[in-house]
Amino acid sequence: MKKKIIFMIINMNVGGTEKALLNMISEMPEDKYDITILMLEKYGGFLSQIPREVKVEYVKEFNEIKEVYYNPPHITALSLLRKRKFFRAFNIMSLHFISKAMNNRSYFFKYLLKECPVKIIEYDVAVAYAGPMDLISYYVLNKIKAKKKVQWIHFDVSKIRFNHLVESKLYNQFDKILVVSNEGRKKLINLIPSLKEKTEVFLNIVSQKLIHSQVKEGTGFQDDFNGIRILTVGRLTSEKGQDIAIRVLAKLIENGYNVKWYCIGEGNSRTKYEKLIKEYNLEAEFILLGTDPNPYPYINQCDIYVQPSRHEGYCITLAEARCLNKPIITTDFTGANEQIKQKKTGLIVSVDEKEIYQALTEMINNTELRNMFSTNLGKELIDFTSKSRRISKLI
């Protein structure tokens, strides 16, 4: 009999968490697993990449509570008061103060999700995959019936807004907590020691077979540039550090290097970055390519891959660049040392413009160094998976 598994996520936006889910599902045999993806909203560039055999469901009620969840409670209450919805405004502010006083947002979520019925089907495993997101954690705990419930942490909890007093009340109700790097696990346990016995590391799965097949499908770079191509893949947000990259590139161009820096991804910092690019007169050298669900032809064709992130959980794009044996420079975020061997398979630097600049000039000027990193990565036995064994253990 097939095991019934449900993964809950925000949406299928083009991002590392969503890619990791798709990669894992691709390694789960259809004859063994009955898989459902439950999303808060029907959105994202990866929707079309969900396998046909996977059931896709949505929380229909989320559209009605979305603004209340995302907006500060006083803004929501004022909006409701203007609409003369006094009772609801009072309820929201009261529940906010109670939740804050007791370090427990369950009261607030119970009110928000009161119209959401408990799912009829009982699953073998229910996974709160978009972690940390406390609404999804609460939903999996209270609205889904399952023999085993798992919380999956994809981010560095020391770098994001994370109230350990609030989250500990939710997380201690799960049967297992999975974290995507050893360093990430240590940081979680430092904040919530009571989770130590139920917390394990589960590295994100990267499908080498899928990457190498998709390299052949896309077109990659369309310009005829003959200098050094630098590439970064990730959402255009502060945490991914593209603003640092822009300033580093400005210095490279000023010092006469024949380089272009390309970025694949979209995000809420695009306008800010476009202004910064214009400020440094880099319109022809710093190229925002937008979102592309298949970045692999670009990764394969670039000369140097740079990950300038301020923080990560387990960087999927870094793992993908490793799969394609690219010379890599990465900042020292959580999990970087678990992927790159310093000065053997790449360079790890601080989140610092000068250090990234120095690492890049070293790589640009030293073709032998780039070749050595590529060769060493090619020799590595990158077992991202132990696929079926790891997934079976999870179930």
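See above for the structure.
Here goes a summary of the coordinates provided. Please read these numbers as outputs of a predicted model, since none were measured by experiment.

1. Some points on the sheet that holds strand β9 (residues 259-264)
- With parallel pairing, six strands are arranged side by side in an open sheet as β10-β9-β8-β11-β12-β13. Each end of this open sheet is capped by a strand with a single partner; those strands are β10 (286-290) and β13 (347-349). Each strand axis lies, on average, 20 degrees off the axis of its neighbour in the sheet, ignoring direction.

2. Re the packing of aromatic side chains
- All chains considered together, the criterion is met by seven aromatic pairs.
- Centre to centre, the rings of F109 and Y138 are 5.6 Å apart; their planes meet at 50 degrees, and the pair counts as tilted. Here Y138 lies in helix α6 (residues 134-143) and F109 lies in helix α5 (residues 106-112), a separation of 29 residues in the sequence.
- The class for Y138 is buried, based on a relative accessible area of 8%.
- The interplanar angle of 90 degrees and the centroid separation of 5.2 Å between the aromatic rings of F221 and Y298 together place this pair among those described as edge-to-face. With F221 in the loop between α9 (208-215) and β8 (228-233) and Y298 in helix α12 (residues 296-301), the pair connects residues that are 77 residues apart, well separated along the chain.
- Given a relative accessible area of 11%, Y298 falls into the buried group.
- Taken together, F7, Y129, W152 and F202 form an aromatic cluster joined through their ring pairs.
- One residue, K251, lies across the ring of Y357, its end atom 4.5 Å from the ring centre.

3. Concerning the pairing of strand β6 (residues 176-179)
- Every second residue of β6 is oriented toward a common face, with K176 and L178 on one face and I177 and V179 on the other, all of them buried.
- For the handedness criterion, the β-α-β arrangement of strand β5 (residues 145-153), helix α7 (residues 164-171) and β6 is classed as right-handed.
- With three bridges joining them, β6 and strand β7 (residues 199-201) adopt parallel strand pairing. Pairing of I177 across the sheet is with T199, part of β7.
- Tracing the backbone out of β6, into helix α8 (residues 182-191) and back to the parallel element β7 gives a crossover that is right-handed.

4. Some thoughts on helix α11 (residues 270-279)
- Within α11 the residues assigned to the buried category are Y273, L276 and I277. Looking straight down α11, one finds its buried side chains confined to an arc of 100 degrees; they lie on one side. Opposite its buried face, α11 presents the exposed residues K275, K278 and E279, each directed more than 90 degrees away.
- For α11, the secondary structure elements touched by its buried residues are α10 (242-254) and β10.
- N281, located one to two residues past α11, shows a positive phi value of around 55 degrees.

Each value, and the rule that gives it
Residues numbered from 1 in each chain as written. Predicted model: local features only at pLDDT ≥ 70, side-chain atom pairs only at ≥ 80, totals over all residues. Heavy atoms only, no water. Pairing = 2+ DSSP bridges. Helix = DSSP H or I, 4+ residues; strand = E, 2+ residues; numbered from the N terminus. Axes fitted to C-alpha atoms, helices over the stretch in contact; angles between N-to-C directions. Phe/Tyr/Trp six-rings, centres within 6.5 Å; stacked < 30°, edge-to-face > 60°. Buried < 20%, exposed > 50% of the residue type's maximum accessible area, 1.4 Å probe, protein only. Lys NZ or Arg CZ within 6 Å of the ring centre and 35° of its normal. Right-handed = clockwise from strand over helix to strand, strands pointing away. Arc of directions from axis to C-beta. Contact = heavy atoms within 4.5 Å.

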